[in-house]
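Examining the three-dimensional arrangement
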Amino acid sequence: MDKSGLATRIGAVVQNVERVIFGKHHEVELAMVALVCRGHILVEDVPGTGKTVLAKAIARSLGCSFKRIQFTPDLLPSDVTGVSIFNQRTSQFEFRPGPVMTQIVLADEINRATPKTQSALLEAMEEHQVTVDGVTYQLPDPFLVMATQNPIETEGTYALPEAQVDRFMMKVLITYPSEMDEFVVVERMTSPLTAVQPVLTTEQLIVLQHEVDKVFVDPVLMEYIVRLVTATRQPKDYGVQDVAKYITYGGSPRASINIVLTARALAFMRGRSYVLAQDIADVAVDVLRHRIVLSYEALSDDVTPDTLVAKIMERIPVPAAPMQGHALVR
């Protein structure tokens, strides 16, 4: 299948998922971007907004295996990665894989588990492997972790450490739907539903991932991305002194890398072989949102990372370069 056919097919996956989770086009698109980029996504939402339906619909549309882990304070790391059990018949230990040994994992309410259990996902997310009793087991390809956390309740929760939060490619906020969108959702969910059918195979998805790696990013745009991320760490040097008091720590170089990767995937899904500044603008907030550590002044003034990123993007000029011409020459 050619590039245009793959881009069309990935668009069909987004439309397929939107049949069961209406009014969340941006969130569905970002979930597919993370999957295409071999990344992971952190979803912060109120209960009942369709996060489980979203993950299941994506898995079924791609023919991927799916597992859901409900994180609780008494959940152990072996409950996630798997455990070796002694078989009395063979007098040997046999590995029983945990729910993380699948292609799409929904880590529901990850902030309810203890830090020890949360860290069990670190190796899986970064290395695509788990190690149990000194033996390493490779995870299937493709592999996506979609973790959720409830912003309402804080009692009995364990905030994710910054090192683990930074490993998520994006943080997506899902809010309540509008009145019309909720009407459509209620109408669909109370009527007989047609099962979601696969529209893209896992083999085609792997080919698509390799094609996305070839999407051209102009060096001028790369410099623009680096300036955006550096401005979150050194706002005074980039003319955004008014946000300096609200930021304790800014985005790491991993943020710059992930903006490039997500912009590539978004450009490919939109049918282009090169990245535009609009692609960067559409993913920058979601990539930087969880990487900015706010100061106490920001918390007292009710300033959000989204507001700070928006102000920085207003001050940093967007470069004007013939991206399409560069891509054709390349």
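All values derive from a computational prediction rather than experimental measurement.

Reading the values: rules and limits
Residues numbered from 1 in each chain as written. Predicted model: local features only at pLDDT ≥ 70, side-chain atom pairs only at ≥ 80, totals over all residues. Heavy atoms only, no water. Helix = DSSP H or I, 4+ residues; strand = E, 2+ residues; numbered from the N terminus. Contact = heavy atoms within 4.5 Å. Core = buried A, V, L, I, M, F, W, Y, C linked by side-chain atoms within 4.5 Å. Buried < 20%, exposed > 50% of the residue type's maximum accessible area, 1.4 Å probe, protein only. Pairing = 2+ DSSP bridges. Axes fitted to C-alpha atoms, helices over the stretch in contact; angles between N-to-C directions. Salt bridge = Lys/Arg side-chain N within 4 Å of Asp/Glu carboxyl O. pLDDT = per-residue confidence, 0-100. 1 Å grid on protein atoms, 1.4 Å probe; cavity = no way out; pocket = protein on both sides within 12 Å on 5 of 7 lines; lining within 4 Å. Points joined across faces, edges and corners; volume = space filled by probe spheres on them. Nonpolar A, V, L, I, M, F, W, Y, C, P; charged D, E, K, R; others polar. Arc of directions from axis to C-beta. Disulfide = S-S within 2.5 Å.

Assignment of secondary structure puts valine 165 in helix H7 (residues 162–165). Spatially, the C-alpha atom of valine 165 lies 8.2 Å from that of leucine 42, the residues being 123 residues apart in sequence. When neighbours within four sequence positions are excluded, valine 165 is seen to be in contact with Leu160 and His290.

If you look at soluble globular proteins, the nonpolar side chains tend to sit buried side by side. Formed by 72 residues in total, the largest nonpolar core has its most connected members in Met32, Ile58, Leu62, Met146 and Ile280. For this core, the element with the highest residue contribution is helix H11 (residues 253–269), accounting for 9 residues. If near-sequence neighbours (up to four positions away) are discounted, isoleucine 280 is found in contact with Leu221, Tyr224, Ile225, Leu228, Ile259, Ala263 and Val275. If you look at the next biggest cluster of nonpolar residues, it comprises 21 residues, including Ile69, Phe71, Leu121 and Leu160.

The next thing to look at is the sheet that holds strand S9 (residues 170–174). The 5 strands are arranged S2-S5-S8-S1-S9 in an open sheet whose pairing can be described as parallel. Strand pairing shows two members of the sheet lacking a second neighbour, strand S2 (66–70) and S9, which therefore form its edges. Between one strand and the next, the sheet's axes are offset by a mean angle of 20°, whatever the strand orientation. With 5 bridges connecting them, strand S1 (residues 41–45) and S9 associate as parallel partners. Residue pairing across strands places glutamate 44 opposite leucine 173, the latter belonging to S9. Of the strands in this sheet, S1, strand S8 (144–149) and S9 are in contact with helix H2 (residues 25–36), which crosses S9 at around 160°.

Under the definition given, this model contains 14 salt bridges. Salt-bridge contacts for arginine 38 lead to aspartate 213; the nearest nitrogen and oxygen are separated by 3.3 Å. Residue arginine 38 is found in the loop between H2 and S1, and its partner aspartate 213 is found in the loop between helix H9 (202–212) and helix H10 (219–233); the two are separated by 175 residues along the sequence. For aspartate 213, a relative accessible area of 36% corresponds to the partly exposed category. A salt bridge links aspartate 282 to arginine 270; the nearest nitrogen and oxygen atoms lie 2.8 Å apart. Residue aspartate 282 is found in helix H12 (residues 277–288), and its partner arginine 270 is found in the loop between H11 and H12; the two are separated by 12 residues along the sequence.

Turning next to the side chain of glutamine 118. With respect to the secondary-structure elements, glutamine 118 resides in helix H5 (residues 115–118). With sequence-adjacent residues up to four places away left out, glutamine 118 is seen in contact with Ile110, Asn111, Ala113, Tyr158, Ala159, Leu160, Pro161 and Gln164.

Overall, the prediction assigns the chain a mean pLDDT of 85, with 94% of residues at 70 or greater. Within the chain, no element has a lower average pLDDT than helix H15 (residues 323–329), which sits at 48, and none a higher one than H11, at 94. In the predicted structure, residues 325–330 sits below a pLDDT of 50 and forms 6 contacts with residues beyond four places in sequence or in another chain.

The linkage connecting aspartate 141 with the following residue, proline 142, adopts the cis geometry, with an omega of 5°. By secondary structure assignment, the location of proline 142 is in the loop between strand S7 (135–138) and S8. For glutamate 109, which is not a glycine, the phi torsion comes out positive at approximately 50°. Unlike most non-glycine residues, aspartate 302 shows phi in positive territory, near 60°. Topologically, aspartate 302 is positioned in the loop between helix H13 (296–300) and helix H14 (305–315).

Moving on: the pairing of S7. Two faces, one strand: in a regular strand the side chains alternate between the faces of the sheet. Two strands pair when backbone bridges link them, and strand S6 (residues 129–132) and S7 are joined in this way by 4 bridges, in the antiparallel orientation. From the neighbouring strand, valine 130 faces S7, where its bridge partner is tyrosine 137. Counted along the chain from S6 to the antiparallel partner S7, the turn is 2 residues long, and its residue aspartate 133 has a positive phi close to 55°.

We now examine the layout of surface pockets. As a volume, the largest pocket reaches approximately 770 Å³. Taken together, 30 residues line the largest pocket, and the ones lying closest to its centre are Glu44, Gln149, Ala159, Glu162 and Lys171. Secondary-structure elements contributing two or more residues to the lining of the largest pocket are S1, H7, S9, strand S11 (293–294), H13 and H14. Within the lining of the largest pocket, the residues separate by chemical class into 15 nonpolar, 8 polar and 7 charged.

Let us look at H9. Listed as buried for H9 are Thr202, Leu205, Leu208, Gln209, Glu211 and Val212. For H9, the buried positions fall inside an angular range of 165° around the axis, keeping them on one side.

Cysteine pairs can be linked by a disulfide, which is a covalent bond between their two sulfur atoms. Counting across every chain of the model gives 0 disulfides. For cysteine 37, which is in no disulfide, the shortest distance to another cysteine sulfur is to cysteine 64 and amounts to 15 Å. By relative accessible area, cysteine 37 is classed as buried at 11%. On the accessibility criterion, cysteine 64 (10% relative accessible area) is buried.

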